[in-house]
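Tertiary structure, described
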Amino acid sequence: MSASAHTSPLSHPYMTVDVFTHTALLGNPVAVVLGADGLSDAQMQAFARWTNLSETTFVLQPTPEGLAAGADYQLRIFTPAGELAFAGHPTLGSCHAWLAQGGQPRNPEQVLQECKKGLVAIGCDAQGALFFEAPSLDSQEISEEELAPVLQALGLQREQLLMARSLYNGSPWLGMLLDHPDTVLSVEPDFGALKKLGAKTGLAAIYEVAEDAPLIGRSSREARAFAKQAEEAAQEKVTSAQPRLEVRALIGDTASEDPVTGSLNAALAQWLTGEGLLQTPYIAAQGVCVGRDGQVHVQTAANGKLWVGGHTVTVTSGRVLL
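On a predicted model such as this, the values are computed, not experimentally measured, just so you know. (Residues numbered from 1 in each chain as written. Predicted model: local features only at pLDDT ≥ 70, side-chain atom pairs only at ≥ 80, totals over all residues. Heavy atoms only, no water.)

**A short note on the overall build of the protein**
Note the cut-off: A helix here means a DSSP run of H or I that spans at least four residues, while a strand means a run of E at least two residues long, and both kinds are numbered starting from the N terminus. Only protein chains enter the accessibility calculation, which uses a 1.4 Å probe. A residue is then buried if its area is under 20% of the maximum for its type, exposed if over 50%, and partly exposed in between. In this description, contact between two residues means that some pair of their heavy atoms is separated by no more than 4.5 Å. Where accessible areas are quoted, they stem from the Shrake-Rupley method and a 1.4 Å probe; at the residue level, only the protein chains shown are allowed to cover.
What the protein contains, in helices and strands, is nine helices and 18 strands. In the protein, which comprises 322 residues, the proportion classed as buried is 52%. When contacts within the protein are restricted to residue pairs at least 6 apart in sequence, long-range pairs at least 24 apart make up 69% of them. Accessible area for the protein stands at about 14400 Å²; split by element, carbon and sulfur atoms hold 51% of it.

Structure (C-alpha cells):
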C-alpha cells in the first residue's frame with residue numbers, strides 16, 4: 001500500500017551553519033530548512049525538537065504584507081520548546097544559507113528578513129561578516145524580590161551585581177551586569193532552580209580598557225574548557241582585536257547554556273550603550289565555558305542604529321525529507 005500524496009515527505013534544501021565564528025564548531029550552530037512553504041507549524045516544531053539545537057529555522061516566501069514592504073523571505077524560528085519572534089544567530093545563519101542556495105536580495109545593499117518581530121535588515125561588511133540591525137528593545141526595571149532567587153540560583157552575592165533589567169527584543173532576557181568578567185566566567189548555575197524560575201538570564205561584564213583581562217582573566221577557564229581548541233583557533237584568528245564585553249546566556253527552560261547569542265548581545269548593546277557604559281564599535285566574547293570561541297561584533301551605523309554580527313561558516317549542506 002502506498003502512502004497518499006499528502007502524507008509523503010518532500011525534499012527540502014537543508015544546511016547547518018555555525019555563527020559568530022571564523023572556525024567551524026567554535027560558534028553557535030543553527031539548522032536551516034529552505035523552501036519550507038507548505039510545512040505546518042506542527043511539522044516545524046517536531047523537526048526543531050528532533051534536531052534539539054537551540055534554534056531551527058524555516059525559510060519561506062514572504063507574506064503579502066512582507067513582500068509589499070520589500071522582504072526577501074520570511075523566517076520562522078523554533079526552539080525545541082516553541083517559536084520565537086526573533087533570534088540573532090538564527091537570523092545570520094539563515095541569511096548565510098539563503099544566499100548560499102542562490103538567494104538574490106531585491107535591494108543589492110541589504111537582505112530584508114520578515115519574521116514575527118517584523119522586518120530585520122541584514123548587511124555584509126568588507127570581511128564577509130553578516131550583521132543584522134538590532135530590533136527595537138523593550139527594557140523594564142526588575143524588583144529586588146524578583147532578583148533574589150535568580151542570584152541564589154547563580155551563586156552570586158548581591159554586591160556582585162551592578163545593574164539588572166528585563167529586556168525584550170523578540171526574545172526575553174534578564175540582563176545582569178556583573179562586577180568583573182571573572183565573575184561571569186566563574187558562575188556555576190543551578191539549572192534546576194533556573195528552570196523552576198523560568199529564568200532566561202544574560203550575564204555580562206565589561207573589560208576595562210587598560211586591563212589585559214581578555215587574555216589573563218579568561219586563561220584559566222579556557223585551559224579547563226577547551227585548551228587545545230582555543231589554541232588552534234587563536235592561531236587562525238583573522239583579527240587581533242580583544243573583547244570589550246564577556247557574555248554568558250543561561251536558559252532555564254532547557255537547563256542549558258547557549259554558546260553565542262545574537263538577540264542577547266543586541267539587547268545588551270542597546271542597554272549598555274544607552275547607559276553610557278559601552279561605546280561602539282566593540283567585540284563581545286561568549287561561549288568559553290561551553291568550549292566555544294564566539295566573537296560578536298557590535299557597531300553603529302550612520303543613522304545611529306546598532307548592528308550586531310559576525311562570521312558564519314557552512315558545516316553541513318544537503319537535503320531533508322519533511
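After that view, the rundown keeps rolling.
**With respect to the nonpolar core**
Rules: To define a nonpolar core, start from buried Ala, Val, Leu, Ile, Met, Phe, Trp, Tyr and Cys residues and group those joined through side-chain atoms within 4.5 Å.
Grouped together as the largest cluster of nonpolar side chains are 49 residues, with contacts concentrated most on Tyr-73, Phe-132, Leu-245 and Leu-268. Examining the composition of this core, we find that seven residues originate from one element, helix H9 (residues 262-274), more than from any other. Ignoring sequence-local partners within four residues, the contact set of Phe-132 consists of Phe-86, Gly-88, Thr-91, Leu-92, Val-120, Ala-121, Ile-122, Gly-262, Ala-266, Leu-306, Trp-307 and Val-308. Within the second largest apolar cluster, 19 residues are counted, among which are Ala-153, Ala-164, Leu-178 and Val-184.

**A look at helix H1 (residues 41-51)**
Counted only if it meets this: Directions pointing from the helix axis toward each C-beta atom define the arc.
Residues Met-44, Gln-45, Phe-47, Ala-48 and Thr-51 constitute the buried set of H1. Buried residues of H1, viewed axially, fall in a sector of 165 degrees; they line one side. Relative to its buried face, H1 has exposed residues pointing more than 90 degrees away, namely Ala-42 and Trp-50. In the core, the buried residues of H1 are packed alongside strand E1 (11-19), strand E2 (28-33), strand E3 (56-60), strand E4 (73-78), strand E5 (83-84) and strand E18 (312-321).

**Notes on the layout of surface pockets**
Here is the rule: Each cavity reported here is a set of points on a 1 Å grid over the protein atoms alone in which a 1.4 Å probe fits but cannot get out, each pocket an open set with protein on both sides within 12 Å along at least five of seven lines, and each lining residue one with an atom within 4 Å of a point. Grid points are joined across faces, edges and corners, and a volume is the space filled by probe spheres set on the points. Gly is placed with the polar residues, together with every amino acid not listed as nonpolar (Ala, Val, Leu, Ile, Met, Phe, Trp, Tyr, Cys and Pro) or charged (Asp, Glu, Lys and Arg).
Roughly 550 Å³ of internal volume is contained in the largest pocket. Surrounding the largest pocket, 33 residues form its lining, Ser-54, Glu-55, Thr-79, Ile-251 and Thr-254 being those nearest its centre. Looking at the lining of the largest pocket, the elements with two or more residues in it are E2, helix H3 (88-100), strand E11 (172-178), strand E14 (256-258) and H9. By residue class, the composition of the lining of the largest pocket is twelve nonpolar, 15 polar and six charged.

**So, the pattern of salt bridges**
Formally: Take a side-chain nitrogen of Lys or Arg and a carboxyl oxygen of Asp or Glu: if they are within 4 Å of each other, that pair is a salt bridge.
In total, this model carries five salt bridges according to the counting rule given. Put simply, Arg-76 and Asp-41 hold a salt bridge, and the shortest N to O gap is 2.9 Å. Taken as a pair, Arg-76 in strand E4 and Asp-41 in helix H1 lie far apart in primary sequence, 35 residues in all. The shortest N-O distance in the salt bridge between Arg-248 and Glu-257 comes to 2.8 Å. Each of the two residues, Arg-248 as well as Glu-257, counts as buried. Taken together, the shared-partner salt bridges in this structure form one network comprising Asp-41, Arg-76 and Glu-83.

**With respect to unusual backbone geometry**
Here the bond from Thr-280 into Pro-281 is cis, since omega is -5 degrees, no more than 30 degrees from zero. Relative to the helices and strands, Pro-281 resides in the loop between H9 and strand E15 (282-286). Unlike most non-glycine residues, Phe-20 shows phi in positive territory, near 70 degrees. Considering the arrangement of structural elements, one finds Phe-20 in the loop between E1 and E2. For Ala-255, which is not glycine, the phi dihedral falls at a positive 50 degrees. Looking at Ala-255, the relative accessible area reads 36%, which means it is partly exposed.

**Some remarks on the pairing of E4**
Put simply, the rule is: Strand pairing is assigned whenever DSSP detects at least two bridges linking the two strands.
Taken across its six residues, E4 has six buried, putting it largely inside the fold. Every second residue of E4 is oriented toward a common face, with Tyr-73, Leu-75 and Ile-77 on one face and Gln-74, Arg-76 and Phe-78 on the other, all of them buried. Sheet topology places E3 next to E4; five bridges connect them, and they run antiparallel. Across the sheet, residue Leu-60 finds its bridge partner in E4, namely Gln-74.

**A word on the confidence of the model for the protein**
Just so we agree on the cut-off: Residue-level confidence of the predictor is what pLDDT reports, using numbers from 0 through 100.
Residue-level pLDDT values for the protein average 91, and 89% of them are 70 or greater. Note that pLDDT drops below 50 for residues 1-5; the model gives that stretch one contact with residues more than four away or on any other chain. Long-range and interchain partners of residues 224-240, a stretch whose pLDDT sits below 50, account for 14 contacts in this model, where long-range means more than four residues apart.

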